[in-house]
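This is what each chain is made of:
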Amino acid sequence: MIDNYNALLKPGEEELNERLEAAHSKIFAQQMQMKEKGLPVIVLFEGWGAAGKGSALGRVIRTLDPRFFTAVSMHDPSEDEKRKPFLCRYFTQIPEAGRFLFMDSGWMTEVTHDVLMDRIDRKVYRERVSSVRRFERGLTDNGYLVLKFFLQISRKEQKKRLDALLDSKDTAWQVGECDLWENKHYDKCEEVFDMFLEDTSTSTSPWYIVDAKSKKWAELQILETMTAGIDMALKNQTLTVPLIQNTFPLIPMPKLKDVPLDVTIDIDDYHKELKELQERLHELHNQAYRRRIPIIIAYEGWDAAGKGGNIKRLTAALDPRGYEVIPIASPKPHEKSRHFLWRFWTRLPKTGHFAIFDRTWYGRVMVERLEGFCTENEWQRAYNEINEFEKELYDWGAVIVKFWVHIDSDTQLARFTDRQNTPEKQWKITDEDWRNREKWDLYEGAVNEMLAKTSTTYAPWHILQSNDKHYARVQALRIVTEALEKALEK
């Protein structure tokens, strides 16, 4: 791809200056249009060391309104970032609707450097390529314009620039060992770069190869490509995104109406089993921390089903320094204006820690679906997007346990009434709870579809029968301990 890029004929100086002026005027106007339409843009600059990525970024943004864009330089991942999924630090950077994000280096640099330094093998490389393709497609499906530029220079030109930088003590600091190694092993690097570019160039987020020998010419190529891409994004903003068929292995799930809810546990047996399971979970948590295994527990369920009490018994077994309970409410404005999974990517645990979600990303296919907070195309796409998200977590090494806390309608009514009539419990009941209850049948249908489409082999659903809360608590602890034991056996 690098060797065969179509370098356009560089215009003369007068035409170059005229086109640059026109391109800057146009992109400034487009920035305001994108802000008005709420369309976010991600611009990624990759390329050879000394190819001028930082310079190109500075030139491109010089006429834009700085209130509506962010520019970041993505260095090697920190130790904390290495304890999160590979894509986490990129997903957390994505801009709000109507804003631009400019990135000096990104996922290409990280993956290709890991290959070149023999930090990952071919299998991990293929997994990361798949992750990148899913990541970029998820962004474009959700309205992001993703523009990726690779700044190309020859080995001879790179050597010339590196020597010039090294000749001055004021610029020598800009040359790193990696740049010198890259020039020395140019052919090997070119092969890996070319492979990655080819593997991750798609119709919705293609790579654009920029002839970077001249800074002004590179600036013009980037600006004119950006303005053309923005024109297309503004034209296509109302198009419906095609749905992707699920390709992940699923586990058959029963309909909620077929799940028996008359199961109970003797109170003495409950206290005995609870203590034993909590002690065992405490031991497993220590082992998981030592082995750096992340654990993600997702709780969904009917209002008043007992999620809070269930979580309390689970966390009682854990080291308080090694877990976080994350209650999920309606998205805040800065969360709503990003990809719906952004607020969950930003809350992932470090390796060895628990993240316990009280409500989850499944709100997309339940509350948001039934209350009309997203379009039909958006919630239908979400099934596959969620499966992909959880596959990223699984491939990272996470143990994923998902609970649907289940009760029947009569039990919910009894618990609602008890809350309503007990002063110290009244904070637990809201008008919204009563309104949701009126839609029980609609929610039940949505939950059945959710369970059927997202209970994968790597992140299966577990239905907790919670008419008897004590039974559900022991059941949850047993499932979590078994999942951890299985992960620790590997």
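For clarity, every value in this text was computed on a predicted model and none was experimentally measured. (Residues numbered from 1 in each chain as written. Predicted model: local features only at pLDDT ≥ 70, side-chain atom pairs only at ≥ 80, totals over all residues. Heavy atoms only, no water.)

## Let's talk about the pairing of strand β4 (residues 145–152)
Just so we agree on the cut-off: The cut-offs for exposure are 20% and 50% of the maximum accessible area for each residue type, with area from a 1.4 Å probe on protein chains only; residues under the lower value are buried, those over the upper are exposed, and the others partly exposed. Helix numbering and strand numbering both begin at the N terminus, where a helix is a DSSP run of H or I of at least 4 residues and a strand a DSSP run of E of at least 2. Pairing between two strands is assigned when DSSP locates at least 2 bridges connecting them.
Buried residues dominate β4, accounting for 8 of its 8 residues. Neither face of β4 is exposed, since Leu145, Leu147, Phe149 and Leu151 on one face and Val146, Lys148, Phe150 and Gln152 on the opposite face are all buried. Bridge count for strand β1 (residues 41–47) against β4 is 7 bridges, and the pairing is parallel. The residue of β4 that forms the bridge with Glu46 is Phe150. Relative to strand β5 (residues 207–211), β4 is paired through 5 bridges, and the arrangement is parallel. Opposite Leu151, over in β5, you have Val210 as the bridge partner.

## A look at the sheet that holds strand β8 (residues 354–358)
Rules: Whenever a helix is involved, its axis is fitted only over the stretch in contact; in every case the axis is a line through C-alpha atoms, and angles between N-to-C directions fall within 0 to 180 degrees. Should any heavy atoms of two residues lie within 4.5 Å, those residues are considered in contact.
Sheet architecture is open: 5 strands sit in the order β7-β8-β6-β9-β10, paired in parallel fashion. Each of the sheet's edge strands pairs with one partner strand only, and the pair in question is β7 (323–327) and β10 (461–465). For this sheet, the mean inter-axis angle between neighbouring strands, taken without regard to orientation, is 20°. When strand β9 (residues 399–406) meets β10, the two strands line up parallel, connected through 5 bridges. Within β10, the position partnered with Phe403 by the bridge is His462. The strands touched by helix α16 (residues 376–396) within the sheet are β6 (295–301) and β9, with β9 carrying the most contacts at an inclination of about 135°.

## Some remarks on the environment of Leu223
With respect to the secondary-structure elements, Leu223 resides in helix α10 (residues 215–235). Considering only alpha carbons, one finds Leu223 and Leu20, 203 residues apart in sequence, at a separation of 7.9 Å. With near-sequence residues (within four places) excluded, Leu223 lies in contact with Leu20, Ala23, His24, Ile27 and Val60.

## Quick notes on the sheet that holds strand β3 (residues 100–104)
Ordered in space as β2-β3-β1-β4-β5, the 5 strands form an open sheet in which the pairing is parallel. The sheet is open, and its two edges are formed by β2 (69–73) and β5, each paired on a single side. Across the sheet, the mean angle separating the axes of adjacent strands is 20° when strand polarity is ignored. Along the sheet, helix α2 (residues 53–61) contacts β1, β2, β3 and β4; its crossing angle with β3, the most-contacted strand, is approximately 160°.

## Side note on unusual backbone geometry
At Arg292, a position not held by glycine, the phi torsion is positive, near 60°. Relative to the helices and strands, Arg292 resides in the loop between α11 (267–290) and β6.

## Observations concerning the pattern of salt bridges
Note the following rule: Salt bridge, as used here: a side-chain nitrogen of Lys or Arg that lies within 4 Å of a carboxyl oxygen of Asp or Glu.
In total, this model carries 39 salt bridges according to the counting rule given. Taking the shortest distance from any N to any O, the salt bridge between Lys82 and Glu79 comes out at 3.4 Å. Highlighted residues: Lys82 and Glu79, both in helix α3 (residues 79–82), separated by 3 residues, approximately one helical turn. For Glu79, a relative accessible area of 58% puts it in the exposed group. Between Lys257 and Asp258 there is a salt bridge; the shortest N-O distance is 3.3 Å. Overall, Asp258 belongs to the partly exposed group, its relative accessible area being 48%.

## Some remarks on a positive patch on the surface
The following threshold applies: Each patch is built from salt-bridge-free residues with over 30% relative accessible area, joining like charges within 9 Å and nonpolar side chains (Val, Leu, Ile, Met, Phe, Trp, Tyr) within 5 Å. In these tables, accessible area is a Shrake-Rupley quantity obtained with a 1.4 Å probe, and a residue counts as shielded only by the protein chains included in the view. Under this rule, positive means Lys or Arg and negative means Asp or Glu; His and the chain ends count for nothing. Charge coordinates come from a single atom per side chain, which is NZ of Lys, CZ of Arg, CG of Asp or CD of Glu.
A cluster of like positive charges, contributed by Lys10, Lys156, Lys160 and Lys213, occupies part of the molecular surface. By the element assignment, Lys213 lies in the loop between β5 and α10.

## Here we look at helix α17 (residues 409–421)
Rule in force here: Here the expected span of a helix is defined as 1.5 Å times the quantity of residues minus one. Our arc is simply the arc of the directions from the helix axis toward the C-beta atoms. Polar contacts here mean pairs of N or O atoms no more than 3.5 Å apart (in protein, one a potential hydrogen donor and the other a potential acceptor; neighbouring residues in sequence count only if both atoms are side-chain atoms).
Taking 1.5 Å per residue as the helical rise, α17 with its 13 residues ought to reach 18 Å, and the 18 Å between its terminal C-alpha atoms agrees with that figure. All of the buried residues along α17 are Thr411, Gln412, Arg415, Phe416 and Arg419. The arc that holds every buried residue of α17, seen down its axis, measures 135°, which confines them to one face. Set apart from the buried face of α17 by more than 90 degrees, the exposed residues are Asp410 and Asn421. Buried residues along α17 sit against α18 (431–437), α19 (440–454) and α20 (469–488). Two to three positions downstream of the cap, the backbone nitrogen of Asp410 sits 3.3 Å from a side-chain oxygen, assigning the N-cap of α17 to Asp408.

## What about the packing of aromatic side chains?
We count it as follows: Note on ring pairs: Phe, Tyr and Trp rings are taken, using the six-membered ring of Trp, and paired if centres are within 6.5 Å. Classes follow the plane angle, with under 30 degrees stacked, over 60 edge-to-face and the rest tilted. Placement of a positive charge over a ring is assigned whenever Lys NZ or Arg CZ falls within 6 Å of the ring centre and within 35 degrees of the normal to the ring plane.
According to the stated counting rule, one finds 26 aromatic pairs in the structure shown. For the ring pair Trp48 and Tyr186, a centre distance of 3.9 Å and an interplane angle of 5° mean the geometry is stacked. In this pair, Trp48 sits in the loop between β1 and α2 while Tyr186 sits in helix α9 (residues 186–200), placing the two residues 138 residues apart along the sequence. Pair check on accessibility: Trp48 and Tyr186 agree, each one buried. Ring centres 6.2 Å apart and planes at 65° place the aromatic pair Phe344 and Phe357 in the edge-to-face group. Of the two residues, Phe344 sits in helix α14 (residues 342–345) while Phe357 sits in strand β8, which places them 13 residues apart along the sequence. For Phe344, a relative accessible area of 2% puts it in the buried group. Put simply, the rings of Phe86, Tyr90, Phe91, Trp107, Phe135, Phe344, Trp345, Phe357, Trp361, Tyr362, Phe389 and Trp461 pair up and form one aromatic cluster. Across from the ring centre of Trp342, 4.2 Å away, lies the NZ or CZ of Arg338, which sits over that ring.

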